[in-house]
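Residue-level listing of the chains:
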Amino acid sequence: MITDSARARRARTAGLTTSAAAMALFVSACGGTGGGASSSPKDFSYLTNVENTTVKTALTTLSKGTCAAENKALPLKVETVPQTSLDQKLQLLAGQDALPVQFAAGNAPALTDQLYKSGKVADLETKLKELGVYDQIEPSAISTIKALYGGKMEALPYEYNIEGIFYNKKIFSANGLSVPTTWDELVADAAKLQAKGIQPFSASGQQGWPITRLVSSYLYRSLGPDALKAVADGKAKLTDPAYVKAAQEVADLGKKGYFGKGVGSIDYDTAFNQFLTGKAAMFYMGTWALTSIADPKQDQVGAENVGFMPFPAVTGGMGSIDQYPSNVGLAMTLGKKTFDSKVGNWVKCVAKNYGSTALKDQGSISGFKANTPVRDPNELTTQVRKTIGDSKQNVLWFEALFSTKATTVSQTNAASLVSGGLSPEKFMQNVQDALSSK
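All of these numbers come straight from a predicted model, not from anything done at the bench. (Residues numbered from 1 in each chain as written. Predicted model: local features only at pLDDT ≥ 70, side-chain atom pairs only at ≥ 80, totals over all residues. Heavy atoms only, no water.)

1. Digging into the sheet that holds strand β9 (residues 332-334)
Here comes step 1: Spatial strand order, β2-β1-β3-β9: 4 strands in an open sheet with mixed pairing. Every other strand in the sheet has two partners, leaving β2 (76-81) and β9 as the edge strands with one partner each. Each adjacent strand pair in this sheet contributes to an overall mean axis angle of 20°, direction not counted.
Here comes step 2: Note: strand β1 (residues 44-49) against β2, 6 bridges, orientation parallel. Residue pairing across strands places asparagine 49 opposite valine 81, the latter belonging to β2. (Pairing = 2+ DSSP bridges. Helix = DSSP H or I, 4+ residues; strand = E, 2+ residues; numbered from the N terminus. Axes fitted to C-alpha atoms, helices over the stretch in contact; angles between N-to-C directions.)

Next up, the structure:
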């Protein structure tokens, strides 16, 4: 069974977005307010989505322990709203100049960026450096946040995930396979597995994003880390031959049956279960999956039999195999006008202690460094933590810089791309048209 927290994480990484009407309301509410005069808050008010229990639990633990002094001076006060109501709530509070001290960033990066530009969100790079704790953030997490928010540090990485391919070590060993380092090797391995009656990949066509993530990963390896930024900036189009080729490569996996039967109707839970029960050899996913892999009730393969590899290199490509797609979950940010010395003390304590607390109590990897030694639940978690710590430049995902409309078109058409219902050219054309009409 997948927990509510896990559901929330995968929903966020799938690129949840708001409607065009909500965006218009947001801009109207925020425009020109400038954030109001500075005021001293009475508590460390914290607004998040009800589905996410990870951050709330860790902050509560800190408030009763390591950050007890900070909490006494400025008590933690948690408020939650449903994920679907978060943006509307933020828009309402922004319009009233009443945002809490700390709050979950909007579902789309564009919403938080608008708050920042209207003076509602603190410049966290400046604040963290003033507090002397900027070095408590993993460089890879900083890189991801700045890529999402136009080069600015507008959010804190209470959660941090990289993406890659989880694989079944037993299946690989039994079939004489080693970890592929190139796309051609990966496809050849998939063919060998298919020939022996083993489903190579598990993926959710119903959600769509697990498939479009493969397209973007191929693009980043073939065209380099700025492949999708070039599209967002209007310097390239998804209909350009090199971009269509990425969609073609992923479509070919589906055409050859490497995702199994009925991939278009398979939801996230079913796809995950296929891998955790040994029915599929590989599963492209983010490292939020570690929580389920460490749970013996879910993982029948055994954590010791699960490996994690980067998306392989494309021969002749301009990307690097160590540039992992990454995200910071539903990022948290802080209000500009309420950021006084007491809030600063809280933030300083969080920066130094959150990483270890979340990892120890919940097995959750964040973008904060874990300064207190924590025993990992398995070697796989240790490997992922080291990979994150060593990463210097990461990339985003397919829809990260897309408009709301383009995101919807992309994810709802992904199943047709791998089932043959939509040609790679048409798939990319549909998404490009949605981007051009924003």
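Having seen the structure, we can now continue with the description.
2. Points about helix α18 (residues 404-419)
Here comes step 1: Taking 1.5 Å as the rise per residue, α18 with 16 residues should run 22 Å; its terminal C-alpha atoms sit 24 Å apart, in good agreement.
Here comes step 2: Along α18, the residues that are buried comprise Ala406, Thr407, Val409, Ser410, Gln411, Asn413, Ala414, Ala415, Leu417 and Val418.
Here comes step 3: A positive phi of about 90° marks glycine 420, the residue just after α18. (Expected span 1.5 Å × (residues − 1). Buried < 20%, exposed > 50% of the residue type's maximum accessible area, 1.4 Å probe, protein only.)

3. Looking at the environment of lysine 64
Here comes step 1: In this fold, lysine 64 is placed in helix α3 (residues 54-64).
Here comes step 2: Counting along the chain gives 26 residues from lysine 64 to leucine 90, while the straight-line C-alpha distance between them is 28 Å.

4. Some words on the pairing of strand β4 (residues 161-168)
Here comes step 1: Most of β4 sits out of view: 8 of its 8 residues are buried.
Here comes step 2: For β4 and strand β8 (residues 326-327), the ladder comprises 2 bridges, and the chain directions are antiparallel. Within β8, the residue paired with asparagine 161 across the bridge is asparagine 327.
Here comes step 3: The pairing of β4 with strand β6 (residues 280-286) spans 5 bridges and is classified as antiparallel. Following the sheet pairing, glycine 164 is matched in β6 by methionine 285.
Here comes step 4: For β4 and strand β7 (residues 306-309), the ladder comprises 4 bridges, and the chain directions are antiparallel. Bridge assignment links asparagine 168 to a residue of β7, and that residue is valine 306.

5. With respect to the pairing of β6
Here comes step 1: In terms of burial, β6 is a largely internal element, 7 of the 7 residues being buried.
Here comes step 2: Of the pairings in the sheet, the one linking strand β5 (residues 199-202) to β6 comprises 3 bridges and is parallel in character. Within β6, the position partnered with phenylalanine 201 by the bridge is methionine 282.

6. Details of the confidence of the model for the protein chain
Here comes step 1: Mean pLDDT for the protein chain: 89, with 91% of residues reaching 70 or above.
Here comes step 2: The low-confidence segment residues 1-37, where pLDDT is below 50, has 79 contacts with residues more than four positions distant or belonging to other chains. (pLDDT = per-residue confidence, 0-100. Contact = heavy atoms within 4.5 Å.)

7. Observations concerning the state of the cysteines
Covalent bonding between the sulfur atoms of two cysteines is what defines a disulfide.
Here comes step 1: All told, the structure shown has 1 disulfide when counted by the stated rule.
Here comes step 2: Between the sulfur of cysteine 67 and that of cysteine 349 lies a disulfide, 2.0 Å long from S to S. The chirality of the disulfide connecting cysteine 67 with cysteine 349 is left-handed, given an S-S dihedral of about -100°. With cysteine 67 in the loop between α3 and α4 (68-73) and cysteine 349 in helix α16 (residues 341-362), this residue pair connects regions lying 282 residues apart in the sequence.
Here comes step 3: A relative accessible area of 0% means that cysteine 67 is categorised as buried. (Disulfide = S-S within 2.5 Å.)

8. Some points on the nonpolar core
Here comes step 1: Among the nonpolar cores identified, the biggest contains 138 residues, and Phe166, Leu238, Met282 and Tyr354 are the most heavily contacted of them.
Here comes step 2: Broken down by element, the residue count for this core peaks at 9 residues, all from α16.
Here comes step 3: Other than its neighbours up to four places away in sequence, leucine 238 contacts Leu228, Val231, Tyr243, Val244, Phe398, Phe402, Met428, Val431, Gln432 and Leu435. (Core = buried A, V, L, I, M, F, W, Y, C linked by side-chain atoms within 4.5 Å.)

9. Observations regarding the environment of leucine 99
Here comes step 1: Tracing the backbone through its elements, the reader meets leucine 99 in the loop between α5 (86-95) and β3 (102-104).
Here comes step 2: Assessed through its relative accessible area of 13%, leucine 99 is described here as buried.
Here comes step 3: A C-alpha to C-alpha distance of 25 Å links leucine 99 and threonine 144, two positions 45 residues apart in sequence.
Here comes step 4: Apart from residues lying up to four places away in sequence, leucine 99 is in contact with Leu90, Leu93, Ala94, Leu115 and Lys120.

10. Overview of the environment of leucine 124
Here comes step 1: Mapping leucine 124 onto the fold places it in helix α7 (residues 124-131).
Here comes step 2: The exposure class of leucine 124 is buried, given its relative accessible area of 1%.
Here comes step 3: For the pair formed by leucine 124 and threonine 333, sequence separation is 209 residues and the distance between their alpha carbons is 8.2 Å.
Here comes step 4: Leaving out residues up to four positions away in the same chain, leucine 124 has contacts with Met153, Glu154, Ala155, Leu156, Thr333, Leu334 and Phe339.

11. Here we look at the pattern of salt bridges
Here comes step 1: For the structure shown, the criterion picks out 13 salt bridges.
Here comes step 2: The salt bridge partner of lysine 146 is glutamate 125, with a shortest N-O separation of 3.0 Å. Residue lysine 146 is located in helix α8 (residues 139-148), and its partner glutamate 125 is located in helix α7; the two are separated by 21 residues in the primary sequence.
Here comes step 3: One salt-bridge network, held together by shared partners, links Asp113, Lys117, Lys152 and Glu154. (Salt bridge = Lys/Arg side-chain N within 4 Å of Asp/Glu carboxyl O.)

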